[in-house]
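Each chain is listed here by its residues.
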Amino acid sequence: MSCLSQVSKDAGEYSPAMAASAAGVTADLLGAVLAAAQDAQRPLEPEARCRLLSMQAKAFIDANLRDPALSPAMIAAAHHVSLRTLYRAFEEQGKPITQWIRRRRLDRCRRDLVDPTLALRPVHVVAAGWGFPNAAVFSRVFRNEFGLPPQAYRQRHLSPGSDGVKPLSRPRAGGD
């Protein structure tokens, strides 16, 4: 429980995005611990087994988002289940696993694109860092999901007045 204590202790230092991420991961972790404890006492119902597998797979996905080779086959192998079982667990949760992976990657890319401390990092580097090695594919998928190309999305959210971020002042030409 020291991990939870540390998260709670440091909660005031997290940005809103980091706090939301920490809350989600913490909820998933607690759910997995409780499910494992319940499983030790009695066998899980099939629906509960699917939910547990889904939660464990989601935690695995979040831990491995940066790996461009992350795939349903890799996740199934890591959890010692068949691909069919893994797909079924996600279908019962309402979203195919491939969509879950893509959405988590896009959310991380979007978060990094609007982070002022990463404003100088090229878009393709942000994308590659979250498992999108092909810049053209990333740009198309991002535009389809958020309505703007990644660079335009970044400019809109880092522009003055969009969320309080001010650009560096530049000297005027002519020595004024």
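What you see as residue numbers is a count from 1 along each chain, following the sequence as written. Per-residue local features of the predicted model are confined to residues with pLDDT of at least 70, and side-chain atom pairs are confined, for both listing and counting, to 80 or more; whole-chain, interface and lining totals are unaffected and use all residues. Note: side-chain values were computed over all heavy atoms of the structure, leaving out hydrogens and water.

**What to know about the overall build of the protein**
- Across its full length, the protein holds 9 helices and 0 strands.
- For the protein, the α and β elements follow one another from N to C terminus as α-α-α-α-α-α-α-α-α.
- Relative to its full complement of 176 residues, the protein shows a buried share of 28%.
- For the protein, long-range pairs separated by at least 24 residues make up 56% of all intrachain contacts whose partners lie at least 6 apart in sequence.
- Computed by Shrake-Rupley with a 1.4 Å probe, the accessible areas treat only the displayed protein chains as cover when residues are assessed. Total accessible area on the protein stands at roughly 11,200 Å², and carbon and sulfur atoms take up 56% of it. Only DSSP runs of H or I covering at least 4 residues are called helices, and only runs of E covering at least 2 are called strands; the numbering of each starts at the N terminus. Only protein chains enter the area calculation, which uses a 1.4 Å probe; residues under 20% of their type maximum are buried, those over 50% are exposed, and those in between are partly exposed. Pairs of residues are marked as contacts when any of their non-hydrogen atoms sit within 4.5 Å.

**Here we look at the confidence of the model for the protein**
- In the predicted model, the protein carries a mean pLDDT of 81, and 67% of its residues have values of at least 70.
- Per-residue pLDDT stays below 50 along residues 163-176; that stretch engages in 6 contacts with residues further than four places along the chain or on separate chains. Predictor confidence is given residue by residue as pLDDT, running from a minimum of 0 to a maximum of 100.

**Remarks on the environment of Met 55**
- Structurally, Met 55 is set in helix α3 (residues 46-64).
- Owing to a relative accessible area of 23%, Met 55 belongs among the partly exposed residues under this scheme.

**Topic: unusual backbone geometry**
- Although it is not a glycine, His 80 adopts a positive phi angle of roughly 55°.
- Looking at where His 80 falls in the secondary structure, it is placed in the loop between α4 (72-78) and α5 (83-92).

**Focus on the packing of helix α6 (residues 97-113) against helix α8 (residues 135-146)**
- Interaxial angle, 0 to 180 degrees, is taken between N-to-C directions of lines fitted to C-alpha atoms, where a helix line uses only the stretch in contact. Two elements in contact, α6 and α8, have axes separated by 11 Å at closest approach and are oriented at 90°. Taken together, α6 and α8 sit at an angle that is classed as roughly perpendicular. Counting all contacts with α6, which are made through Arg 102, Arg 103, Leu 106, Asp 107, Cys 109, Arg 110 and Leu 113, the residues of α8 involved are Phe 138, Val 141, Phe 142, Glu 145 and Phe 146.
- Three categories are distinguished: nonpolar for Ala, Val, Leu, Ile, Met, Phe, Trp, Tyr, Cys and Pro, charged for Asp, Glu, Lys and Arg, and polar for the others, with Gly belonging to the last. Residue composition of the contact of α6 with α8, by class: 7 nonpolar, no polar and 5 charged. For classification, angles of less than 35 degrees are called roughly parallel, those exceeding 145 degrees roughly antiparallel, those between 65 and 115 degrees roughly perpendicular, and all remaining angles oblique.

**Considering a negative patch on the surface**
- The patches described consist of residues with a relative accessible area above 30% and no salt bridge, like charges being joined within 9 Å and nonpolar side chains (Val, Leu, Ile, Met, Phe, Trp, Tyr) within 5 Å. The rule for a salt bridge is simple: a side-chain nitrogen of Lys or Arg has to be within 4 Å of a carboxyl oxygen of Asp or Glu. In this count, Lys and Arg are taken as positive residues and Asp and Glu as negative ones, while His and the chain termini are left out. Here the site of a charge means atom NZ of a Lys, CZ of an Arg, CG of an Asp or CD of a Glu. Where like charges cluster on the molecular surface, the negative patch consists of Glu 45, Glu 47, Glu 91 and Glu 92.
- By relative accessible area, which is 47% here, Glu 92 ends up partly exposed.

**Comments concerning the nonpolar core**
- If you look at the biggest cluster of nonpolar residues, it comprises 27 residues, and the most contacted ones within it are Ile 61, Ile 75, Leu 86, Ile 97, Leu 106, Phe 138 and Phe 142.
- The element contributing the most residues to this core is α6, with 5 residues. To qualify as a nonpolar core, a set must consist of buried Ala, Val, Leu, Ile, Met, Phe, Trp, Tyr and Cys residues joined through side-chain atoms within 4.5 Å.

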